[in-house]
Structures are given as C-alpha cells and as structure tokens.
Amino acid sequence: MEQPRRITDSFPRRRRRRGPGRPPGRLKDRKDKDKDKDQDKAQLKVRECPRGPSQPPPDPALMEMLRRFDLSWEYGPCSGITRLQRWERAQELGLSPPGPIRDALLEHRDNPDVTYRWVWDGVGW
C-alpha cells in the first residue's frame, strides 16, 4: 500500500551546502568562539556605561492634563508627531486646543516624558 502524499512532496529537495574547509558537523572553530566572547564582553562594557543625568519626573497633575489632551480625539490623530506639533496643527485647523497645554509643553520642552510619551506607551500610567 502506498503512503499518502504530503504537500511538501511537490517541492524539490535541496541539500545543504557545507562551507569550504569545514568538516561535517562542526559549525565554528574554537578561535571563532573566542572572538565572539571577546566581542560580547566589549558590547557588555558599552552597555554598562552610566547614562546621563535623568530629569526629575514631571508633576502628576501636568501628566494628567497631558493624558487628557492625548485622549481627546477632537484635536486630530497623534501618531508620529509630538504633543506640541499636534497642538500647533489643531490651532492651525481652528480646533482651539487648550492654551495651558501649549504653555506646559514649551516650559518642559527638554523633558522627553512630557514631549513624546503617549498614553498607550504603558509606561508611567
């Protein structure tokens, strides 16, 4: 009795090529492994470098005000732009966004938590 055909039977079979000079079954030489370990150590050293001084967290009342601005769809979509760009676009379109939002964004312009963070980032909310 014949075995049932598989869908993969219609595709040609290919054999893996072995690299030049590599014996079958060996993937890397020990020298290659030692080089990889040295590179990993170098990468770890870079990652262990301390970051610059972080800014203090913004006021929770300010973040709540910005969250409400983020969730308000009457000022247009907010994907791919900063909060200030969204505020300015809403102003140009005559949607009259709240003035305190713009003042807060200009005051905390250097703080990425205020400038870029959105509600759905899931960080800090």
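Treat the numbers as computed from the prediction; the structure is a model and nothing was measured.

Chemist: Go over the nonpolar core, please, and point to the residues and values.
Modeler: Grouped burial of nonpolar side chains is what soluble globular proteins tend to show. Counting residues in each nonpolar core, the largest one holds 12 residues, listed as Leu62, Met63, Leu66, Phe69, Tyr75, Leu84, Trp87, Ala90, Ile101, Ala104, Leu105 and Val114. Those elements that provide at least two residues to this core are helix H2 (60-71), helix H3 (83-92) and helix H4 (99-107). With four residues, H2 is the single largest residue contributor to this core. Ignoring anything within four residues of it in the chain, the contact list for valine 114 reads Pro58, Leu62, Met63, Leu66, Arg83, Ala104, Leu105 and His108.

Chemist: Describe in detail the side chain of asparagine 111, supporting the description with residues and values.
Modeler: One can find asparagine 111 in the loop between H4 and helix H5 (112-115). Setting aside its immediate chain neighbours within four residues, asparagine 111 contacts Gln55, Pro56 and Pro58.

Chemist: Please provide a residue-by-residue account of the pattern of salt bridges, values included.
Modeler: Across all of its chains, the model carries three salt bridges by this definition. For glutamate 64, the salt bridge goes to arginine 67, with nearest N and O atoms at 2.9 Å. You can see glutamate 64 and its partner arginine 67 sitting in helix H2, three residues apart, about one turn around the helix. A relative accessible area of 26% means that arginine 67 is categorised as partly exposed. Residue arginine 68 pairs with glutamate 64 through a salt bridge whose shortest N-O separation is 3.2 Å. Here arginine 68 pairs with glutamate 64, and both are found in helix H2, just four residues apart, close to one helical turn. Judged by its relative accessible area of 58%, arginine 68 falls in the exposed class. Assessed through its relative accessible area of 27%, glutamate 64 is described here as partly exposed. One network of salt bridges, with partners in common, ties together Glu64, Arg67 and Arg68.

Rules used throughout
- Residues numbered from 1 in each chain as written.
- Predicted model: local features only at pLDDT ≥ 70, side-chain atom pairs only at ≥ 80, totals over all residues.
- Heavy atoms only, no water.
- Core = buried A, V, L, I, M, F, W, Y, C linked by side-chain atoms within 4.5 Å.
- Buried < 20%, exposed > 50% of the residue type's maximum accessible area, 1.4 Å probe, protein only.
- Helix = DSSP H or I, 4+ residues; strand = E, 2+ residues; numbered from the N terminus.
- Contact = heavy atoms within 4.5 Å.
- Salt bridge = Lys/Arg side-chain N within 4 Å of Asp/Glu carboxyl O.

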